[in-house]
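If you want the building blocks of each chain, they are given just below.
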Amino acid sequence: MKLKKLLVMALAISMIVALPGCGSSKEKKEESASVEFWNDKYGQKDQTDIDKMVESIEGLSGVDMNVVAYPDTASYQTAMQQTIKEEDAPGLFTWWSGPQLETIANNGYLENLTDLWDEYVEKNGVSADIAESLTVDGKIVAVPYSIIYNAIIYNSHVFEDNNLEVPETFDEFLDVCAALKEKGITPIALKNDSWAGFIWFQQLLAAKDPQLYLDVCDGTKKYTDAEVVEVMEIWKDMLDKGYFSAPMAIQDMKKEIATGKSAMMLEPNYEAVNVEKDYDVKCGEDVFTFALPTMNGGKKTIFFEITPLCVSANSKDKEAAKEVLKKWFTKEHQTTLTETDGNVNTSQVEVDNPVVNQMIANSQDTQNYAMILRYYENTPAEVRDVALDEFMKFQMGNADVEEVLNTIQKKADEVFAK
């Protein structure tokens, strides 16, 4: 199969320039199936990596692929909105999970992929729990383009030097934090990004009860519910006792973990790669991982973020797109995606990083771990955006529990009443 050059759709509103393919259309076998793959992920991607990905999936599926990349989210969303109802819609495209996925699914724009899931996705090493986040009205309407798992990454020497074990209960986790604080070590490094205030809210809420977290996200329970207040008081107590650092940049967080100034951080799997790459530490020797224990002895929750890969229901190329998906999760293609994107999406693919491999292995252990879509995508954007501001104010000590929860609930009442 020939390599394809990156195609960039020309839009009048954004003046995007289209780049031609390597060969002319005459060079294609007329009988070859083909599909366009639209996304906003490859706009700044190295062409060599794009070519490797295309060559891999073409060789496995027998379907010619043209990658159509948009340089920014706004132009991409505009193009999809203008095209998704037509037969010229792309066969394959990436989208966003949560309410944004539900909206286009409920409008009938997504192909039902339920029949593909068991044989071609789950059997190739994607956690069964992921399907729920891609299901609308009982139908699986997307597969994962990328999955990012979040867990606690910690400096093992700090634990060993202070005779600390990985906690198995939430009370033990608090005891570890107290012991570290007493030794002058910051237990948990905290991120300063304006959007990141939800990270410990979601994790502590799920540690209390995963269903409580889900009920809050969909409006079944209020933010002012007694159980939510209880969790916020636990969080406040942790903040007051100095178990968290002052919010800092991610680069500083990684440095603090590497040097042992801070013991733990709750971050995505790729940060385990970055902390090893950026500092003189080795994952599996100096740095390890664990999931936060629960308050009730149930399954530990691992939050994930996901980029859905969808098939346009109206596209003339939807059957070719489904043929591509039948090969997308093979070990061969996923290995190529890991090499070109850096993400590890299935348990079949291993990288030279024991921490990342452990996170992926945990995602397959559905007896002991529950995979749940993170808060950012799991609740309406109007509620989320208010909550992000309030949670960050709370972390900074600029708002109390009652003020934060009442403010968020006021917006939630507006949104869920619609």
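Here the structure is a predicted model, which is why all the values come from computation and not from measurement.

Helix length check: helix 17 (residues 401-416) (16 residues) gives 22 Å between terminal C-alpha atoms against 22 Å at 1.5 Å per residue, within 8%. Buried within helix 17 are the following residues: Val401, Val404, Leu405, Ile408, Gln409, Ala412 and Val415. One side of helix 17 carries all its buried residues, which in axial view fall inside an arc of 115 degrees. Every exposed residue of helix 17 that faces more than 90 degrees away from the buried side is listed here: Glu402 and Lys410. Where helix 17 is buried, its residues contact helix 9 (226-240) and helix 16 (381-395).

Now for the nonpolar core. Ranked by size, the top nonpolar core spans 79 residues in total, and within it Phe37, Met53, Met65, Leu92, Phe93 and Trp328 carry the most contacts. When sequence neighbours within four positions are dropped, the list of residues in contact with Phe93 reads Phe37, Trp38, Tyr76, Met80, Ile84, Ile104, Leu110, Pro308, Leu309, Cys310, Val311 and Ser312. Leu164, Cys177, Leu212 and Val383 belong to the second-largest nonpolar core, a separate cluster that totals 55 residues.

A separate point is the pattern of salt bridges. When the charged atoms of two side chains lie near each other, side chains of opposite charge can form a pair. As enumerated under the stated definition, the model contains 24 salt bridges in all. Between Asp413 and Lys222 there is a salt bridge, with its nearest N and O atoms 3.1 Å apart. With Asp413 in helix 17 and Lys222 in the loop between helix 8 (210-217) and helix 9, this pair connects stretches of sequence that are 191 residues apart. Here Asp413 falls in the partly exposed class, since its relative accessible area comes to 37%.

We now examine the pairing of strand 11 (residues 369-373). With respect to burial, strand 11 is a largely interior element, 5 of its 5 residues being buried. Along strand 11, one buried face is formed by Tyr369, Met371 and Leu373 and the opposite face, lined by Ala370 and Ile372, is buried too. Here strand 10 (residues 300-311) runs beside strand 11; their pairing, made up of 5 bridges, is parallel. Its bridge partner lying in strand 11, Phe303 is registered against Ile372.

Parameters at a glance
- Sequence order as written defines residue numbering, which begins from 1 separately in each chain.
- In keeping with the predicted nature of the model, local features appear solely for residues at pLDDT of at least 70, side-chain atom pairs appear and are counted solely at 80 or more, and the whole-chain, interface and lining totals rest on all residues.
- No hydrogens and no water enter the side-chain calculation; it runs on all heavy atoms of the structure.
- For helices the rule is a DSSP run of H or I covering at least 4 residues; for strands it is a run of E covering at least 2, with both sets numbered from the N terminus onward.
- A helix's residues, less one, multiplied by 1.5 Å, set its expected span.
- For each residue, the accessible area found with a 1.4 Å probe, counting protein chains only, is set against the maximum for its type, and the residue is called buried under 20%, exposed over 50%, and partly exposed in between.
- In this context, the arc is that of the directions from the helix axis out to the C-beta atoms.
- Residue contacts are counted whenever heavy atoms from the two residues lie within 4.5 Å of one another.
- Grouping buried Ala, Val, Leu, Ile, Met, Phe, Trp, Tyr and Cys residues that are joined through side-chain atoms within 4.5 Å yields what is termed a nonpolar core.
- The salt bridge definition used is simple: a Lys or Arg side-chain nitrogen within 4 Å of an Asp or Glu carboxyl oxygen.
- Only strands joined by at least two bridges in the DSSP assignment are considered to pair.

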